[in-house]
Amino acid sequence: MYKAALVLEGGALRGEYTAGVLDAFLDHDIHFETVIGVSAGALCGTNYISEQRGRTNEINTKYRHDKNYISVRRAFRRQDIINLNYLFESHGSDWVDFDATTYRRSPSKFVIVATSLELGRAVYFDHPTGREMVQTLKASSSMPFISAPTPTKQGLCLDGGITDSIPYAYAQLSGYDKIVVIRTREREYRKSRTQSPLRYAYEHAFAKYPDFVKAAAARPEMYNRQADQLDELEAAGKVFVIAPNDPVTVGRLEPDTSKLEALYETGLAQTNALIPELQLYLQ
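Quantities reported herein were computed from a predicted structural model and do not represent experimental measurements.

A. Here's a closer look at the packing of helix H2 (residues 40-49) against helix H6 (residues 130-141). Relative orientation of the contacting elements H2 and H6 amounts to 150 degrees, with a least axis distance of 8 Å. Here H6 runs roughly antiparallel to H2, going by the angle between their axes. In contact with Ala40, Ala42, Leu43 and Thr46 of H2, H6 contributes Met133, Leu137, Ser140 and Ser141. Split into classes, the residues belonging to the contact of H2 with H6 amount to five nonpolar, three polar and no charged.

Shown next as structure tokens:
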């Protein structure tokens, strides 16, 4: 257990890269005092905290085309395209049930990031368990327009990546001077500015929440600022970043399971090569 924080960026099925990185950590018995996850990063983080190596990759590659898990048609029934309840239910002998006991007893503190509709800023949930954990993961992963806002103990929430895509600052404010960040985009990636049609869509769909609209429209600038600051912190040796070496071509809802498997293997292999350098940084 290192006195350090681990930060997990989101990215839907691009989280397969994160899954590979985290499985490499489990292979080398690397654990962190605090783990902070956003959206897909939080989903991967649950299986890391429960120490279930391979579970994220197995589900995403073996069950990607199970319509009870991921289906655009679910949106027509006013349901989330990705059914997160599916991940924590039992589906027979071939399915690996989530180890809620190990998750609950983990000495690591697990933090899930979501965005408050009312406040228009990031909110943080400390190690939720049971139904609250699933509900909080839904909130962190709920994409605007295609997912309904999720009720939580901090009010209605949507995707945590809208207001804190890479929450390394939360780790800094928590007092950590050793921070490991897992990206799902290459270091050079930057977002384009929000175009007028999308800005209008936010204003129309979320008229009751002006602070959220402002934050959602400004997401690219927030993301790019975080990416720039991470580059500076990494150059100064203040954070340890693990990111894909090449542009990731896997889509948010990528249907090609061979591409998902390849991205997972990339994260696994790249991290295995970095283990000595990572351990030196953490020590």
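Having seen it, we continue.
B. The arrangement of the pairing of strand E8 (residues 239-242) in detail. Side-chain alternation along E8 places Val239 and Val241 on one buried face and Phe240 and Ile242 on a second face that is also buried. Sheet analysis places strand E7 (residues 179-182) next to E8, joined by four bridges and oriented parallel. By the bridge assignment, Ile179 is partnered in E8 with Val239.

C. Expanded view of the pattern of salt bridges. Summed over all chains, the structure comprises 11 salt bridges. For Lys109, the salt bridge is made with Asp126, and the minimal N-O distance between the two is 4.0 Å. Placement of Lys109 in strand E3 (residues 109-116) and of Asp126 in strand E4 (residues 121-126) is noted, with a sequence separation of 17 residues between them. The partly exposed category is assigned to Lys109, whose relative accessible area is 33%. For Arg193, the salt bridge goes to Glu221, with nearest N and O atoms at 3.5 Å. One end of the pair, Arg193, is in the loop between E7 and helix H8 (196-205); the other, Glu221, is in helix H10 (residues 219-235), and 28 residues separate them in sequence. By relative accessible area, Arg193 is classed as exposed at 62%. Several salt bridges share partner residues, and in doing so they unite Arg190, Asp228 and Asp231 into one network.

D. A look at the packing of aromatic side chains. Applying the stated criterion across every chain yields a total of 17 aromatic pairs. Judged by centre distance (5.6 Å) and plane angle (45 degrees), the rings of Phe25 and Phe32 are tilted. For Phe25, a relative accessible area of 0% gives the class buried. On the basis of an interplanar angle of 90 degrees and a centroid distance of 5.1 Å, the ring pair of Phe88 and Phe98 is categorised as edge-to-face. Of this pair, Phe88 sits in the loop between helix H4 (73-76) and helix H5 (100-105) while Phe98 sits in the loop between H4 and H5; the two residues are 10 residues apart in sequence, bridging distant segments of the chain. One aromatic cluster is present, built from ring pairs that chain together Tyr63, Tyr69, Tyr86 and Trp95. Lying over the aromatic face of Tyr189, Arg185 brings its terminal NZ or CZ to 4.1 Å of the ring centre.

Here is what the cut-offs are and how they apply
- Residues numbered from 1 in each chain as written.
- Predicted model: local features only at pLDDT ≥ 70, side-chain atom pairs only at ≥ 80, totals over all residues.
- Heavy atoms only, no water.
- Axes fitted to C-alpha atoms, helices over the stretch in contact; angles between N-to-C directions.
- Helix = DSSP H or I, 4+ residues; strand = E, 2+ residues; numbered from the N terminus.
- Parallel < 35°, antiparallel > 145°, perpendicular 65-115°, else oblique.
- Contact = heavy atoms within 4.5 Å.
- Nonpolar A, V, L, I, M, F, W, Y, C, P; charged D, E, K, R; others polar.
- Buried < 20%, exposed > 50% of the residue type's maximum accessible area, 1.4 Å probe, protein only.
- Pairing = 2+ DSSP bridges.
- Salt bridge = Lys/Arg side-chain N within 4 Å of Asp/Glu carboxyl O.
- Phe/Tyr/Trp six-rings, centres within 6.5 Å; stacked < 30°, edge-to-face > 60°.
- Lys NZ or Arg CZ within 6 Å of the ring centre and 35° of its normal.

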